Amino acid sequence: MNSQDVLDAFELLETWEARYEFIGDLSRELLPVADSEQTDLNLVKGCNTKTWLTGSLTDDDPPVIEYRADAETPLVRGLVALLLVPFQRKTPQAVLETDPRPYIAGTGLAEHLSPNRRAGMEHFIERVFQIARGLGRS
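Rules behind the numbers
Residues numbered from 1 in each chain as written. Predicted model: local features only at pLDDT ≥ 70, side-chain atom pairs only at ≥ 80, totals over all residues. Heavy atoms only, no water. Core = buried A, V, L, I, M, F, W, Y, C linked by side-chain atoms within 4.5 Å. Buried < 20%, exposed > 50% of the residue type's maximum accessible area, 1.4 Å probe, protein only. Helix = DSSP H or I, 4+ residues; strand = E, 2+ residues; numbered from the N terminus. Contact = heavy atoms within 4.5 Å. Phe/Tyr/Trp six-rings, centres within 6.5 Å; stacked < 30°, edge-to-face > 60°. Lys NZ or Arg CZ within 6 Å of the ring centre and 35° of its normal.

Student: Is there a simple way to think about the nonpolar core in this case?
Tutor: The nonpolar side chains of a soluble globular protein tend to be buried with one another. Grouped together as the largest cluster of nonpolar side chains are 38 residues, with contacts concentrated most on Leu53, Tyr67 and Leu84. Of all the secondary-structure elements, those providing two or more residues to this core are helix H1 (3–12), helix H2 (16–26), strand E2 (65–71), helix H3 (74–84), helix H5 (101–107) and helix H6 (115–136). Broken down by element, this core gets its largest block of residues, 8 residues, from H6.

In C-alpha cells:
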C-alpha cells in the first residue's frame, strides 16, 4: 500500500470510526520487531506508549530500508503502520527527501489526535529519519 492508496481510502471512509478501523487493519502490514530488538535502543523516545522502531537495508539494487515496528497498543500499532507508509522500502536518500506533512495533512489525522499522540507522531517520524541517516552512511 502506498501513500495515495491510504489517502484514497481515507477519502472513501466517511466517519472517523471507519478510518480508525482502517488504521487498525494497517497494523497487519507492519514488519514485526523481533523480541531481541525490543530494547531501549529501539524505543522511540517521546512516545507515551512503548513503541519500537528499527530498520535495515535489503539486498535489493539499490538497497532500500525495511522498517520494522511494534507498539504496546493496537491503536498505536496502527498509527505507526500509517506513518510508515510514505517511507517503507525506499532508499535512505529517498526517505530523507520525503516530506510527510502533505500525507499527514491529507489524512486529517493530526486534528483527531491528542496533543500527546501528535508529539509522539513527530518523535516517531524523527526516528524514521534518524534510521535513514544512519543507514545512508553504511
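That covers the picture; the talk isn't over yet.
Student: How should I be thinking about the side chain of Thr58 in this particular structure?
Tutor: With respect to the helices and strands, the residue Thr58 is situated in the loop between strand E1 (51–57) and E2. Of the residues examined, Thr58 reaches a relative accessible area of 12% and is grouped as buried. The contacts of Thr58, once residues within four sequence positions are left out, are Pro63, Val64, Glu66 and Arg89.

Student: Sorry, what's going on with the packing of aromatic side chains here?
Tutor: Aromatic ring pairs are defined here through the distance separating the ring centres and the angle between the ring planes. What the rule picks out here adds up to 4 aromatic pairs. With 5.9 Å between their ring centres and 80 degrees between their planes, Phe10 and Phe22 make a pair best called edge-to-face. Of this pair, Phe10 sits in helix H1 while Phe22 sits in helix H2, placing them 12 residues apart in sequence. Here Phe10 and Phe22 have matching classes, each one buried. Between Trp16 and Tyr20 the ring centres are 5.5 Å apart and the planes differ by 50 degrees, which places this aromatic pair in the tilted class. Remark: Tyr20 and Trp16 occur in helix H2; sequence separation between them is 4 residues, near one turn of the helix. An aromatic cluster is built from Phe10, Trp16, Tyr20 and Phe22, whose rings are joined through pairwise contacts. Over the ring of Trp16 we find Arg19, and its NZ or CZ is 5.0 Å from the ring centre.

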